[in-house]
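# Commentary on secondary and tertiary structure
Spelled out from the first residue to the last, the chains are:
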Amino acid sequence: IIAFSIFAQMIVNTLYETGKRYQILFENAPDAIFITDSESGVISDANPAASKLLLRPHHEIVGLHQTKLHPPVKKDDSTKIFNIQVERSRQKKKVQPVEQVILRSDGMEVPVEIVAKTANLGDKSILQGIFRDITERKAAEEALKKSEKKFRTLVSNIPDVTWTSNFEGGTTFISPNVERIYGYSPQE
């Protein structure tokens, strides 16, 4: 009985330490993590990064339906994407990141990339969603598009033929004036 009691205590201590370790990882994750019931869509837990992303305290997030994370006009989209993520994960298909918009408590919409996967916790099926704020990436993509548009406008208005090539010697861009000067389209 004493040996069993010591063994049982060791198991309890190991489980406690493991739980504590995972709680620390969950609470210190840099991205927002939402734990949602995969059947009902109700959020059962969220980490501090989720509170920071939404500008809401933990107690206001827990109990929300996952659609409430998104602008009301995106409710149907968020429901559809949620269901697709649950189904893909259950079928053990590759999890694809999806871009969505979340609605902060101050009314600001924030672009996020979401990666979600189901897991079973006891008899409950949950969906763990990791939300990464991609505001900076979206701004950089938009700046790149504007810069490329300016470049193409500038190059297209130069009376000569202008081109760019890669290190392998292939042409990556050629100005439309190639057709006027040489009679070949840029695609040719």
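Here we summarise the structure given alongside this text. Since we're looking at a predicted model, the values are computed, not measured.

### A look at the environment of Leu54
Positionally, Leu54 belongs in helix H2 (residues 48-54). Residue classification places Leu54 among the buried residues on the basis of a relative accessible area of 2%. For the pair formed by Leu54 and Asp106, sequence separation is 52 residues and the distance between their alpha carbons is 8.5 Å.

### Comments concerning the nonpolar core
Formed by 15 residues in total, the largest nonpolar core has its most connected members in Phe34, Leu53, Ile102, Val112 and Phe131. When residues of this core are traced back to their parent elements, those giving at least two are strand E1 (32-37), strand E2 (43-46), H2 and strand E4 (109-121). Ignoring any residue separated from it by four or fewer positions in sequence, one finds Val112 in contact with Leu53, Val98, Glu99, Gln100, Ile102, Phe131, Arg132, Asp133 and Ile134. Core analysis: the next-biggest nonpolar cluster, separate from the first, contains five residues, Phe26, Ala29, Ile33 and Ile35 among them.

### Thoughts on the side chain of Asn47
Structurally, Asn47 can be placed in the loop between E2 and H2. On the accessibility criterion, Asn47 (0% relative accessible area) is buried. Polar contacts involving the side chain of Asn47 include one to the main-chain amide nitrogen of Ile33, which spans 2.9 Å. In this structure, Asn47 is in contact with Phe26, Glu27, Ala29, Asp31, Ala32 and Ile33, ignoring residues within four places of it in sequence.

### Focus on the packing of aromatic side chains
To describe a pair of aromatic rings, one takes the distance between the centres and the angle between the planes. This structure, assessed with the given rule, holds one aromatic pair. Between the aromatic rings of Phe34 and Phe131, the centroid separation amounts to 4.7 Å while the plane-to-plane angle is 65°, which identifies the pairing as edge-to-face. Residue Phe34 is located in strand E1, and its partner Phe131 is located in strand E5 (residues 124-133); the two are separated by 97 residues in the primary sequence. Of the two residues examined, Phe34 and Phe131, each falls in the buried class.

What counts and what doesn't
- Residues numbered from 1 in each chain as written.
- Predicted model: local features only at pLDDT ≥ 70, side-chain atom pairs only at ≥ 80, totals over all residues.
- Heavy atoms only, no water.
- Helix = DSSP H or I, 4+ residues; strand = E, 2+ residues; numbered from the N terminus.
- Buried < 20%, exposed > 50% of the residue type's maximum accessible area, 1.4 Å probe, protein only.
- Core = buried A, V, L, I, M, F, W, Y, C linked by side-chain atoms within 4.5 Å.
- Contact = heavy atoms within 4.5 Å.
- Polar contact = N/O pair within 3.5 Å; in protein donor to acceptor, adjacent residues only side chain to side chain.
- Phe/Tyr/Trp six-rings, centres within 6.5 Å; stacked < 30°, edge-to-face > 60°.

Without other data, these values stay purely geometric and don't point to any function.
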